[in-house]
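A structural walkthrough
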Amino acid sequence: MDNVIRLALQKSGRLSDDSRKLIKECGIKFNNGMGKLKSSATNFPIEFLFLRDDDIPGYVADGVADIGIVGENVLLEAKPDVELSKRLGFSKCRLSLAIPKEKEYSDASYFEGKRVATSYPEILKDYFKSKGVNASIHEISGSVEIAPGIGLADGVCDIVSSGSTLFTNGLKEVEEVIKSEAVMIANKGLSAEKRKLLEQILFRIDTVLSARNYKYILLNAPNESIEEIKAYLPGVNSPTVMPLAKEGWSSLHSVIQEDRFWEVIEKIKAAGAEGVLVLPIEKMIQ
Ligand code: ATP
Ligand code: ZN
């Protein structure tokens, strides 16, 4: 079926809520698929397959699914022949090496001749190779962090987000091996029709992700401060400035990047801005 694109999503786990949320924010309506293997949208030619995350890259490479959302870590481990279409900015984590808290550590040569437990043997093999370290890699599929405690390994290489799981198992993080976030992948041989549907979806995703990164900002300022404030708020093009009824004052409207927010707010307040309002943006087309 060339007029419908098949998207593989994680059935349940750390990617599933945010993946579903992103697709819904793209205006695509579908049944959540709880307990189902397949579902389709009511207002876009798309079908969903709900799978284990590890199976997604292979299904996309084989063309069982056309596109999929998966953690970059799974992709780097399995190295399937697929296209990486877009980084999605959620499920951010890192794959790190960790060792018992009390051990002294200087650099990666610590792992020479040591046993390291991981669910990511390929990524770890590449990493040790790049560092010129010979270590023995023990592949285990779950609860990697308990391996040193039960004498199975000298260290672990595992997914970390806050580090609290490592800490409660008496481990400390010593090297970051890779960073990861959710990504959209696509089959390399998509038909022209499916490629067009993918482009449409990616455009909508851009619109949603930009809106998440930006806030709308409104403020009042004395006219003599406007130039300085404008310099801090480049907006998408340039800010809108409108005179206020109050003599010598203007209102300024612009957009501001979420991650620069606190830095900019302090500067514009110091420059004389008053009555600052910051609002979420629902969609943003650039
Ligand atoms: P499945 O049952 O589908 O095989 P899983 O147990 O292998 O699921 P999850 O734990 O749901 O996988 O993790 C899915 C993905 O989410 C990981 O591959 C990784 O990219 C990301 N991830 C894992 N742990 C975290 C975390 N603590 N914080 C943020 N993202 C994470
Ligand atoms: Zn998995």
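In the block above lies the structure referred to throughout.
Let me sum up the structure you'll find in this document. Since this is a predicted model, take the numbers as computed values, not measurements.

A word on the coordination of the zinc ion (ligand 2)
Within the protein, the atoms that donate to the zinc ion (ligand 2) are Asp53 (OD) and Asp54 (OD), at distances of 2.0 to 2.1 Å. Geometry at the zinc ion (ligand 2) is irregular, judged from its 4 donor atoms and the angles of 73 to 174° they form at the metal. Look at Asp53 and you get buried, because its relative accessible area is 18%.

Topic: the packing of aromatic side chains
Following the criterion strictly, the structure yields 8 aromatic pairs and no others. Relative to Phe50, the ring of Phe48 has its centre 6.4 Å away and its plane inclined at 10°; by these criteria the two rings are stacked. The residues Phe48 and Phe50 share a single accessibility class, namely buried. In this structure, Lys246 is placed above the aromatic ring of Trp249, and the distance from its NZ or CZ to the ring centre is 4.1 Å.

Some remarks on the site of ligand 1
The environment of ligand 1 is formed by 15 residues, the closest being Gln10, Arg14, Arg52, Asp54 and Asn73. Asn73 is positioned with one of its side-chain polar atoms (N or O) 2.6 Å from an oxygen atom of ligand 1. When ligand 1 sits alone it has 630 Å² of accessible area, and the protein chains cover 75% of it. Classifying every residue of the shell around ligand 1 gives 4 nonpolar, 6 polar and 5 charged. When residues of the shell around ligand 1 are sorted by domain, at least three fall in each of domain 1 (5-89 + 181-211) and domain 2 (93-180).

So, the layout of surface pockets
Roughly 1,000 Å³ of volume is contained in the largest pocket. Every residue lining the largest pocket is counted, 33 residues in all, and those nearest its centre are Arg14, Asn73, Tyr120, Asp158 and Ile159. For the lining of the largest pocket, the elements supplying multiple residues, two or more each, are helix H3 (72-78), strand S9 (155-160) and helix H5 (164-168). The element that contributes the greatest number of residues to the lining of the largest pocket is H3, accounting for 4 residues. Of the residues belonging to the lining of the largest pocket, the class tally is 9 nonpolar, 15 polar and 9 charged. If you count residues domain by domain, the lining of the largest pocket takes at least three from each of domain 1 (5-89 + 181-211) and domain 2 (93-180).

Things to note about the environment of Ile137
Following the sequence through the fold, Ile137 ends up in strand S8 (residues 136-139). In this structure, the C-alpha to C-alpha distance between Ile137 and Thr118, residues 19 residues apart in sequence, is 7.2 Å. What Ile137 contacts, discounting residues up to four positions off in sequence, is Val116, Thr118, Pro121, Leu124, Lys125 and Phe128.

Focus: the pairing of S8
Within a regular beta strand, the side chains point alternately toward one face of the sheet and then the other, so they alternate between its two faces. Bridging between strand S7 (residues 115-118) and S8 involves 4 bridges; their strand directions are parallel. Within S8, the residue paired with Arg115 across the bridge is Ser136. In terms of handedness, the path from S7 via helix H4 (residues 121-131) over to S8 forms a crossover that is right-handed.

Describing helix H1 (residues 16-25)
For H1, the full list of buried residues reads Ser16, Ser19, Arg20, Leu22 and Ile23. Across the axial projection of H1, the buried residues extend over an arc of 160°, all falling on one side. One or two positions beyond H1, positive phi appears at Gly27, with a value near 80°.

Digging into the sheet that holds strand S10 (residues 171-180)
Strand order in this open sheet of 5 strands is S8-S7-S9-S6-S10, and the pairing throughout is mixed. The outermost strands of the open sheet, each flanked by one partner alone, are S8 and S10. The average angle at which neighbouring strand axes cross in this sheet is 25°, direction not considered. The pairing of S7 with S9 spans 3 bridges and is parallel. Looking across to S9, one finds that Thr118 is bridged to Cys157.

Looking at a nonpolar patch on the surface
Residues Ile146, Ile150 and Leu152 make up a contiguous nonpolar surface patch of about 280 Å² in total accessible area. Within the fold, Ile150 resides in the loop between S8 and S9.

Points about the sheet that holds strand S12 (residues 214-222)
Strand order in the open sheet formed by 4 strands is S13-S14-S12-S15, with antiparallel pairing between adjacent strands. Every interior strand has two partners, whereas the edge strands, strand S13 (240-243) and strand S15 (274-280), have only one. Taken over all neighbouring pairs, the strand axes of this sheet differ in orientation by 20° on average, direction set aside. Where S12 lies against strand S14 (residues 249-257), 9 bridges are found, and the strand directions are antiparallel. Bridge pairing in S14 links Leu219 to Leu252. Where helix H6 (residues 192-213) meets the sheet, it contacts S12 and S14, and its direction lies at approximately 40° from that of S12.

Calculation notes
Residues numbered from 1 in each chain as written. Chains lettered and ligands numbered in written order. Predicted model: local features only at pLDDT ≥ 70, side-chain atom pairs only at ≥ 80, totals over all residues. Heavy atoms only, no water. Donors = N, O, S within 2.8 Å, 3.2 Å for Na, K, Ca; no water. Tetrahedral: all angles 85-135°; square planar, octahedral: opposite > 155°, others 65-115°. Buried < 20%, exposed > 50% of the residue type's maximum accessible area, 1.4 Å probe, protein only. Phe/Tyr/Trp six-rings, centres within 6.5 Å; stacked < 30°, edge-to-face > 60°. Lys NZ or Arg CZ within 6 Å of the ring centre and 35° of its normal. Near = heavy atom within 4 Å. Polar contact = N/O pair within 3.5 Å; in protein donor to acceptor, adjacent residues only side chain to side chain. Areas by Shrake-Rupley, 256 points an atom, 1.4 Å probe, with all protein chains shown as cover. Nonpolar A, V, L, I, M, F, W, Y, C, P; charged D, E, K, R; others polar. Domains from an automatic or database assignment. 1 Å grid on protein atoms, 1.4 Å probe; cavity = no way out; pocket = protein on both sides within 12 Å on 5 of 7 lines; lining within 4 Å. Points joined across faces, edges and corners; volume = space filled by probe spheres on them. Helix = DSSP H or I, 4+ residues; strand = E, 2+ residues; numbered from the N terminus. Contact = heavy atoms within 4.5 Å. Pairing = 2+ DSSP bridges. Right-handed = clockwise from strand over helix to strand, strands pointing away. Arc of directions from axis to C-beta. Axes fitted to C-alpha atoms, helices over the stretch in contact; angles between N-to-C directions. Patch = residues over 30% accessible without salt bridge, like charges linked within 9 Å, V, L, I, M, F, W, Y side chains within 5 Å. Salt bridge = Lys/Arg side-chain N within 4 Å of Asp/Glu carboxyl O.

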